[in-house]
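A look at the structure
So you can see what is in the structure, the chains are spelled out below.
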Amino acid sequence: MTPMKNLRHLVVASAAAAMLLLLAGCSSMGVGVGIGVPIMPGVSIGVGVGSGGVNVGVSASKGPVGVGVGVNQKGQVSAGAGVGVGTNVGGVSVGVGVGSSTVIYDPKEPEKR
């Protein structure tokens, strides 16, 4: 591995550790995994499964910043934004990020949104 790649892996690992420490102070935290399929540069359609259930959505990103809208299995529509870092490890993209989202439509409470 070249010194630049070693430096990049060190930066990504350090950023991941810092974000985990920041998240440890949050009152609520979610964990999940998902896959995105690019449909054009910077835009992808994805599906994920996490502590909040199944979510399908569309996202757009430019550099480390991303925004997206998704629908979960309860029909709730959420919008979110985040920032993250990533790298390629052994041909697989690995990354970590932090973000925030909110429910913008809930079919059980349509008048509140």
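All of these numbers come straight from a predicted model, not from anything done at the bench.

Mapped onto the fold, Asn55 is located in strand β3 (residues 53–62). The sequence separation of Asn55 and Val69 amounts to 14 residues, and the corresponding C-alpha distance is 9.7 Å. Excluding residues that lie within four positions of it along the chain, Asn55 makes contacts with Gly46, Val47, Gly48, Gly70, Val71 and Asn72. At a separation of 3.5 Å, a polar atom in the side chain of Asn55 contacts the main-chain amide nitrogen of Val71.

For Gly80, the position within the fold is in strand β5 (residues 77–89). The class for Gly80 is partly exposed, based on a relative accessible area of 24%. The spatial distance from the C-alpha of Gly80 to the C-alpha of Ser100 is 5.5 Å, given a sequence separation of 20 residues. Not counting the four nearest positions on each side in its chain, Gly80 is found in contact with Gly66, Val67, Gly68, Ser100 and Ser101.

The next subject is a nonpolar patch on the surface. On the surface, a cluster of nonpolar side chains totalling about 610 Å² of accessible area is made up of Ile39, Met40, Ile45, Val58, Val69, Ile104 and Tyr105. Among the secondary structure elements, those contributing two or more residues to the nonpolar patch are β1 (32–40) and β6 (92–105). With respect to the helices, strands and loops of the structure, Ile45 is situated in strand β2 (residues 43–50).

In this structure, Asn72 sits in strand β4 (residues 65–72). At 2.9 Å, the side chain of Asn72 forms a polar contact with the backbone nitrogen of Lys74. Aside from chain neighbours lying at most four places away, what touches Asn72 is Val54 and Asn55.

Here we come to the pairing of β1. Within β1, only zero of the nine residues are buried, which leaves it mostly out in the open. With eight bridges joining them, β1 and β2 adopt antiparallel strand pairing. Residue pairing across strands places Val33 opposite Val49, the latter belonging to β2. Between β1 and β2, which pair antiparallel one after the other, the connecting turn spans two residues, and Gly42 there sits at a positive phi close to 85°.

On to the confidence of the model for the protein. When the pLDDT values of the protein are averaged, the result is 77; 71% of them are 70 or greater. The secondary structure element of the protein with the lowest average pLDDT is helix α1 (residues 3–24), at 55, and the one with the highest is β4, at 91. Segment residues 20–27: pLDDT under 50, and two contacts once partners within four positions in sequence are set aside and those in other chains are kept.

Conventions used here
Residues numbered from 1 in each chain as written. Predicted model: local features only at pLDDT ≥ 70, side-chain atom pairs only at ≥ 80, totals over all residues. Heavy atoms only, no water. Helix = DSSP H or I, 4+ residues; strand = E, 2+ residues; numbered from the N terminus. Contact = heavy atoms within 4.5 Å. Polar contact = N/O pair within 3.5 Å; in protein donor to acceptor, adjacent residues only side chain to side chain. Buried < 20%, exposed > 50% of the residue type's maximum accessible area, 1.4 Å probe, protein only. Patch = residues over 30% accessible without salt bridge, like charges linked within 9 Å, V, L, I, M, F, W, Y side chains within 5 Å. Areas by Shrake-Rupley, 256 points an atom, 1.4 Å probe, with all protein chains shown as cover. Salt bridge = Lys/Arg side-chain N within 4 Å of Asp/Glu carboxyl O. Pairing = 2+ DSSP bridges. pLDDT = per-residue confidence, 0-100.

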